[in-house]
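Observations on the three-dimensional arrangement
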Amino acid sequence: MARKPKVVIERNRCKGCELCVNYCPKQVLAMSKEINDKGYFFALVVNQEACILCQFCGMICPDCAIEIYDEVVITQETGSNG
Amino acid sequence: MGRILMKGNEAIAESAVRAGGLWYFGYPITPQSEIGEYLARRMPEVGGVFLQIESEVAVANVLYGAAGAGVRAWSSSSSPGISLMMEGVSYMAAAELPCVIVNIVRCGPGLGGILPSQGDYFQAVKGGGHGDYRCMVLAPSSVQEAVDLMPLAFDRADRYRNPVIILGDGMIGQMMEPVEFKEQVFPPLLPKDWATTGCKGRKPNVINSLYLDPREEEKLNFKLAAKYDEMKKKELKYEGYRTDRELDCLLVSYGTTARVCKTAIQRLEEEKIRAGLLRPITLFPFPEEKIYELAQQAKFVLSVEMSTGQMVDDVRLAVGRTKPVYFFGRAGGMVPSPEEVIEVVKKYVDGGGR
Amino acid sequence: MKVLFKRPESLSATPTHYCPGCTHGVVHRLIAEVIDELELRERTVGIAPVGCSVLAFNYFNFDFQQSAHGRAPAVATGIKRARPDLIVFAYQGDGDLASIGMSEIIHAANRGEKFTVVFINNAIYGMTGGQMAPTTMPGQVTTTTPMGRDVKDVGYPVRMCELIASLRTPAFVERVAVHNPKQVINARRALKQAFIHQRDNVCFTFVEFLSTCPTNWGFSPIQATKWLEENMLPYYPVKNFKIPENTGG
């Protein structure tokens, strides 16, 4: 059962602290070259496929700018979903 | 029930308990420690809470928390301890929290002495803590009156969502007088739906006094001012003693000193000197209209206090330049005698009221 | 689609005013996660201090009281003694708790008041612009120690966990850190344990969070986590200092 990680970063909540980029073990994230509404360079998902769902990014983000999903579809009620 | 002989401090404590003041937090200080000691024994009997707290600074903040959680919390202290509470009182006034604080006034300033005084008038009536707020101030002049004012204090604290101060003195706190606990009924109060009782079924409540936006802060300031104006219209309490006639002298005095003045008035009667007393019971709001009115019936006004002159400022404001206003005071714990008051009255009467 | 990580219900959607990389945001979220997980939101009252987190009540979805500087443990005592059924926590910084509020925290701990303290130790005064705190490190430059903290003049940094753990009254006392994900996971565990003790009416609970203040330390957020690791961890060990007796926990 393959997992399908999805990391979503709300660009206008991000304050550009770079902690998520720093702690991601798989280089999934990087800082953008454009600024958001508050004038910060914000974090971006640049390599979603490399994500191992460690959730370090979500845990270290002080601004709840990151949401993390697993898009695996449940095929039966009693089955596992990954 | 009949009358029983009780020490002022203990009677005040019992009256508060009967008025629903079941959460008491305090710190020992002479001459009011008997309040806490009495409650340490009494609260367990009535299912209330007595807790001795580490300092009066902390006490005021414990009151803030408990009042914010919706209960009738109260405390007592004496002058230096009341000073320490002032930060918390300012915060409670700003956050619109109810509480009752009993000040059994001792002499000061500084560590002072443990005998009675009226030197905390400014502190109680004009603010005490920082910022634009007032406390309702009630001044009993007997143990019975202190007992009668406690339920009123709790009701008004809840009704206005504001601290209420009972300004007693060491005499009232320490002496024993016969008292009767009469039940008092008040109009219904609004529910405390603003309290932090857990947000189940409603939006979260926040108890706060910080308003960084000046427009919001000004709104609060004017809201509080309107509250105090309402107190001025509705809450005045005073007693006139032998004031329904032309007078040689109008005495203005409160608390213990007022009783001394009454005795002086009775003895002055024998010498055909007509003196009357206006005894404020609420010091805030202050009966300025009544004092002005009665002053017009007299040749002069004499403010008698156990201080070097605090309430006299408000008497002068009330009377204006319409009549001479004099002051007589003892301080340091010295209680004026009726003879001293008589002597001062006669001095001004003989001096043609000038 | 399975949601693995999102903003907890007890945390409001309001974006915080904290500086980029400030770990207040992390700790706020951990509190909210734990409150949600233990289903305590509807009977929780938080207490905001004076400090950067004075407006914390804007960031949580439950009742809050804002308290005078240092007085949060007294306010918490009042709430808890009035309503012992409520879950109460005091959220305080180093000035609030270890300076002006030193008396209030020691006495609440000593009485064993059954609320939880979240102590944010970032070795500096944040809100007022970077002055020395009782927890400032020896040699650390602040606006009131421009030559670095001189221990011969103003003494050594105060270790609050150690101080509180020395009291006889049972308590749960633990120091954690939030400057990297591994420490965040540990911090969450300790915080949850503290709230479980409160829920079960066991004892006073105190969790000290070693935190960063990038702005006043003069570092980027990433540099600040390194400074914490190198300078604070050796002096403020991350460990448990006290567990309540006879609870098996």
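Please read these numbers as outputs of a predicted model, since none were measured by experiment.

1. A closer look at the interface of chain A and chain C
Across the contact, 26 residues belong to chain A and 24 residues belong to chain C. Mapped onto the side of chain A that touches chain C, the elements with two or more residues apiece are helix 1 (19-23), helix 2 (56-60) and strand 4 (66-70) of chain A. Bridging between strand 4 of chain A and strand 1 (residues 2-5) of chain C involves three bridges; their strand directions are antiparallel. Bridge assignment links A:Asp70 to a residue of strand 1 of chain C, and that residue is C:Lys2.

2. Examining unusual backbone geometry
Residue and element names in this part refer to chain B. Cis geometry marks the peptide bond from Gly108 to Pro109; its omega dihedral reads 10°. Relative to the assigned elements, Pro109 resides in the loop between strand 5 (99-105) and helix 5 (121-126). Within the chain, Arg242 stands out as a residue other than glycine whose phi angle is a positive 55°. Within the fold, Arg242 resides in the loop between strand 10 (238-241) and strand 11 (249-252). On the basis of neighbour counts, which here come to 16 C-beta atoms within 10 Å, the residue Arg242 falls in the partly exposed class. Within the chain, Lys272 stands out as a residue other than glycine whose phi angle is a positive 65°. You can see Lys272 is positioned in the loop between helix 9 (255-270) and strand 12 (275-280).

3. Section: the interface of chain B and chain C
Of the residues lining the interface, 33 residues belong to chain B; the matching set on chain C comes to 27 residues. The greatest single-element share of the side of chain B that touches chain C, amounting to eight residues, is contributed by helix 3 (residues 56-68) of chain B. The pairing of strand 9 (residues 206-207) of chain B with strand 3 (residues 63-66) of chain C spans two bridges and is classified as parallel. Each residue of the ladder has a partner; that of B:Val206, found in strand 3 of chain C, is C:Phe64.

4. Re the domain arrangement of chain B
Residues and elements named next belong to chain B. Taken domain by domain, chain B holds domain 1 (4-234) and domain 2 (239-350). Computed over C-alpha atoms, the centres of domain 1 and domain 2 are 28 Å apart. The interface of domain 1 with domain 2 comprises 24 residues on the first partner and 22 residues on the second. For the side of domain 1 that touches domain 2, the element with the most residues is helix 5, which contributes four residues. Partitioned by chemical class, the residues of the side of domain 1 that touches domain 2 number 16 nonpolar, five polar and three charged.

5. Topic: the arrangement of the chains
Across the two pairs of chains in contact, the largest number of contacts is found between chains B and C. What separates chain A from chain B at the closest point of their C-alpha atoms is a distance of 21 Å, and the two make no contact.

6. A short note on the environment of C:Met1
Along the polypeptide, C:Met1 turns up in the segment before strand 1. A tally of 12 C-beta atoms within 10 Å means that C:Met1 is categorised as exposed. In this view, C:Met1 contacts A:Tyr69 and A:Glu71; residues no more than four positions away in its chain are not counted.

7. Some words on the packing of helix 1 (residues 8-18) of chain B against helix 6 (residues 143-160) of chain B
Residues and elements named next belong to chain B. One can describe the packing of helix 1 onto helix 6 by two numbers: an axis separation of 8 Å at closest approach and a directional angle of 25°. The orientation of helix 1 relative to helix 6 falls into the category roughly parallel. The hand of the helix 1/helix 6 crossing is right-handed. Between helix 1 and helix 6, the contacting residues are Gly8, Ala11, Ile12, Ser15 and Ala16 on the first element and Val143, Ala146, Val147, Met150 and Pro151 on the second. Residue composition of the contact of helix 1 with helix 6, by class: eight nonpolar, two polar and no charged.

8. A closer look at the sheet that holds strand 3 of chain C
On the basis of which strands lie adjacent, the open sheet formed by eight strands has the order 9(B)-3(C)-2(C)-4(C)-5(C)-7(C)-6(C)-8(C) and mixed pairing. Since the sheet does not close on itself, it has two edges, and those belong to strand 9 of chain B together with strand 8 (240-242) of chain C, each with one partner. The strands touched by helix 2 (residues 72-82) of chain C within the sheet are strand 2 (44-48), strand 3, strand 4 (87-93) and strand 5 (116-121) of chain C, with strand 4 of chain C carrying the most contacts at an inclination of about 175°.

9. Structural notes on helix 10 (residues 288-295) of chain B
All names here are of chain B. Taken together, the buried positions of helix 10 are occupied by Ile291, Leu294 and Ala295. An end-on view of helix 10 places all buried positions within 105° of arc, on one side of the element. Residues of helix 10 that are buried make contact with strand 11, strand 12, strand 14 (300-305) and helix 11 (311-319).

10. Description of the nonpolar core
Counting residues in hydrophobic clusters, the biggest one holds 221 residues, and the most contacted among them are B:Leu63, B:Val137, B:Leu138, C:Phe206 and C:Phe209. It is helix 6 of chain B that provides the largest number of residues to this core, a total of ten residues. Structurally, this core is a two-domain feature, drawing no fewer than three residues from each of domain 1 (4-234) and domain 2 (239-350) of chain B. Excluding residues within four positions of it along the chain, C:Phe206 makes contact with C:Ala109, C:Val117, C:Phe119, C:Cys161, C:Ile164, C:Ala171, C:Phe172 and C:Val173.

11. Quick notes on the sheet that holds strand 1 of chain C
Pairing within the open sheet is antiparallel, and its three strands lie in the order 1(A)-4(A)-1(C). Because the sheet does not close on itself, it has two edges, and the strands there are strand 1 (5-9) of chain A together with strand 1 of chain C. The sheet shows a mean angle of 30° between the axes of neighbouring strands, direction not considered. Relative to strand 4 of chain A, strand 1 of chain A is paired through five bridges, and the arrangement is antiparallel. Residue pairing in the sheet places A:Val7 in a bridge with A:Ile68 of strand 4 of chain A.

12. A closer look at the packing of helix 2 of chain C against helix 4 (residues 102-111) of chain C
Packed helices, taken two at a time, are described by the angle between their axes plus the distance between the axes. Residues and elements named next belong to chain C. Closest axis-to-axis distance for the helix 2/helix 4 pair is 7 Å, and the angle between their directions is 40°. Classified by the angle between their axes, helix 2 and helix 4 sit oblique to one another. Across the interface between the two elements, Pro73, Ala74, Ala76 and Thr77 of helix 2 pack against Glu104, Ile105 and Ala108 of helix 4. Along the lines of polarity and charge, the residues of the contact of helix 2 with helix 4 split into five nonpolar, one polar and one charged.

Rules and cut-offs
- Residues numbered from 1 in each chain as written.
- Chains lettered and ligands numbered in written order.
- Predicted model: local features only at pLDDT ≥ 70, side-chain atom pairs only at ≥ 80, totals over all residues.
- Contact = placed C-beta atoms within 7 Å.
- Helix = DSSP H or I, 4+ residues; strand = E, 2+ residues; numbered from the N terminus.
- Pairing = 2+ DSSP bridges.
- Buried ≥ 20, exposed ≤ 12 C-beta atoms within 10 Å, placed from the backbone.
- Domains from an automatic or database assignment.
- Nonpolar A, V, L, I, M, F, W, Y, C, P; charged D, E, K, R; others polar.
- Axes fitted to C-alpha atoms, helices over the stretch in contact; angles between N-to-C directions.
- Parallel < 35°, antiparallel > 145°, perpendicular 65-115°, else oblique.
- Left-handed = near helix turned anticlockwise from the far one by under 90°.
- Arc of directions from axis to C-beta.
- Core = buried A, V, L, I, M, F, W, Y, C linked by C-beta atoms within 7 Å.

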